[in-house]
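Structure assessment
Here's the letter readout for the chains.
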Amino acid sequence: MDSILWGVRMVLLIVDTQKLITNNELYQFNLFESRVRQLINKARSRGVEVIFVRHDDGKENGLLKGTEEFEIYDGFQPVGSEVIFDKNVNSAFRGTGLLEYLRQKEENTVIIAGLQTEYCIDATIKAGFEHGFKMIVPANTNSTFDNQYMSADQTYKYYNEFMWNKRYAECISFERTIELMEE
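This section reports on the structure supplied with the text. Computed from a prediction, not measured in an experiment: that's the story for all the values here.

This part covers the overall build of the protein chain. When helices and strands are counted, the protein chain shows five helices and seven strands. Its helices and strands in sequence order give the protein chain the pattern β-α-β-β-α-β-α-β-β-α-β-α, from N to C terminus. By the compact-globule yardstick of 16 Å for 183 residues, the protein chain fits well, its C-alpha radius of gyration being 15 Å. Taken along the three principal axes of its C-alpha coordinates, the protein chain extends 50 × 35 × 30 Å. The buried share of the protein chain, taken over its 183 residues, is 51%. By sequence separation, contacts in the protein chain at least 24 residues apart represent 78% of the contacts at least 6 residues apart. Working note: accessible area of the protein chain is about 8800 Å², and carbon and sulfur atoms make up 46% of it. Measuring between centres, the 20 positive side-chain charges of the protein chain sit 4 Å from its 28 negative side-chain charges.

Here it is, written out as structure tokens:
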């Protein structure tokens with residue numbers, strides 16, 4: 001049996017895909033958008049809980065609770081009673097109730113997708129790992145923008161191909177992630 005699957009209780013965690021920053025300036029935006037949509041649809045169809053996280057960065061930065069820009073991107077909207085956690089630091093686990101929620105539900109595997117690779121995705125992967133969760137990162141389901149140190153392409157490759165894989169997470173193909181949700 002696949003080591004990823006033994007005793008698996010998984011959720012799909014969609015991080016910070018908010019209207020202000022989910023746009024075509026992101027690295028490989030069309031691929032990112034398509035794959036996140038597919039992940040959400042597959043999770044819903046297979047009974048894998050979809051959990052959303054939003055980042056409140058304060059009024060000086062545009063991501064402020066209560067504004068339109070703070071809300072989740074139209075293409076990834078929660079449905080029904082899907083849970084949303086709000087945060088004001090990079091890690092989705094710090095002070096949000098997410099950790100307690102996942103432990104109460106006895107989840108042990110988190111498939112993570114969203115924004116931004118080097119900020120909240122990185123912090124959430126490492127925190128999830130530290131809390132004992134198996135973190136799964138499907139290919140091309142996190143993205144970012146160019147920054148003053150690296151291009152978005154370099155950032156994506158650095159984290160997905162070097163930093164996280166086999167250290168803090170299993171960075172696997174998109175197709176393999178879909179298969180995991182079907183098993």
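For any two helices packed against each other, the geometry comes down to the angle between their axes and how far apart the axes lie. Packing of helix α1 (residues 29–46) against helix α5 (residues 174–182) leaves a shortest axis separation of 9 Å and a crossing angle of 10°. One way to sum up the angle between α1 and α5 is to call them roughly parallel. Read as a crossing pair, α1 and α5 show a hand that is right-handed. Every residue of α5 that contacts α1 at R35, Q38, L39, K42, A43 and R46 is listed here: F174, E175, T177, I178, M181 and E182. Residues of the contact of α1 with α5, tallied by class, amount to five nonpolar, two polar and five charged.

Its 14 residues place the ends of helix α3 (residues 117–130) 18 Å apart at the C-alpha level, agreeing with the 20 Å of an ideal helix rising 1.5 Å per residue. Burial in α3 covers these residues: T117, E118, C120, I121, D122, T124, I125, A127 and G128. A positive phi of about 90° marks G132, the residue just after α3.

Next up on the list: the packing of aromatic side chains. Evaluated as defined, the whole model comprises 10 aromatic pairs. Ring geometry for Y158 against F162: centres 5.5 Å apart, planes inclined by 45°, an arrangement best described as tilted. Residue Y158 and its partner F162 are located together in helix α4 (residues 152–163), separated by four residues, close to a single helical turn. On the accessibility criterion, Y158 (33% relative accessible area) is partly exposed. You can call F162 partly exposed: its relative accessible area is 44%. Each member of the aromatic cluster is reached from another via a ring pair, and the members are F29, F32, Y73 and F76.

A few words now on the environment of M135. Turning to its location among the elements, M135 is positioned in strand β5 (residues 134–138). Judged by its relative accessible area of 1%, M135 is buried. Between the C-alpha atoms of M135 and N165, which are 30 residues apart in sequence, the distance is 9.7 Å. Apart from the residues within four sequence positions on either side, M135 is in contact with V110, I112, T124, I125, G128, F129, Y168, A169 and E170.

Our next topic: the pattern of salt bridges. By the definition in use, this model includes 15 salt bridges. For K42, the salt bridge goes to E182, with nearest N and O atoms at 2.7 Å. Here E182 lies in helix α5 and K42 lies in helix α1, a separation of 140 residues in the sequence. With relative accessibility at 38%, the residue E182 sits in the partly exposed group. Between R54 and D86 there is a salt bridge whose closest N-O contact spans 2.7 Å. Of the two residues, R54 sits in strand β2 (residues 49–55) while D86 sits in strand β3 (residues 84–87), which places them 32 residues apart along the sequence. Overall, the relative accessible area of 24% leaves D86 in the partly exposed class. Each of R54, K65, E71 and D86 takes part in one network of salt bridges that share partners.

What counts, and where the lines are drawn
- Residues numbered from 1 in each chain as written.
- Predicted model: local features only at pLDDT ≥ 70, side-chain atom pairs only at ≥ 80, totals over all residues.
- Heavy atoms only, no water.
- Helix = DSSP H or I, 4+ residues; strand = E, 2+ residues; numbered from the N terminus.
- Rg over C-alpha atoms; globule rule 2.2 N^0.38 Å.
- Buried < 20%, exposed > 50% of the residue type's maximum accessible area, 1.4 Å probe, protein only.
- Contact = heavy atoms within 4.5 Å.
- Areas by Shrake-Rupley, 256 points an atom, 1.4 Å probe, with all protein chains shown as cover.
- Lys, Arg positive; Asp, Glu negative; His and termini not counted.
- Charge placed at Lys NZ, Arg CZ, Asp CG, Glu CD.
- Axes fitted to C-alpha atoms, helices over the stretch in contact; angles between N-to-C directions.
- Parallel < 35°, antiparallel > 145°, perpendicular 65-115°, else oblique.
- Left-handed = near helix turned anticlockwise from the far one by under 90°.
- Nonpolar A, V, L, I, M, F, W, Y, C, P; charged D, E, K, R; others polar.
- Expected span 1.5 Å × (residues − 1).
- Phe/Tyr/Trp six-rings, centres within 6.5 Å; stacked < 30°, edge-to-face > 60°.
- Salt bridge = Lys/Arg side-chain N within 4 Å of Asp/Glu carboxyl O.

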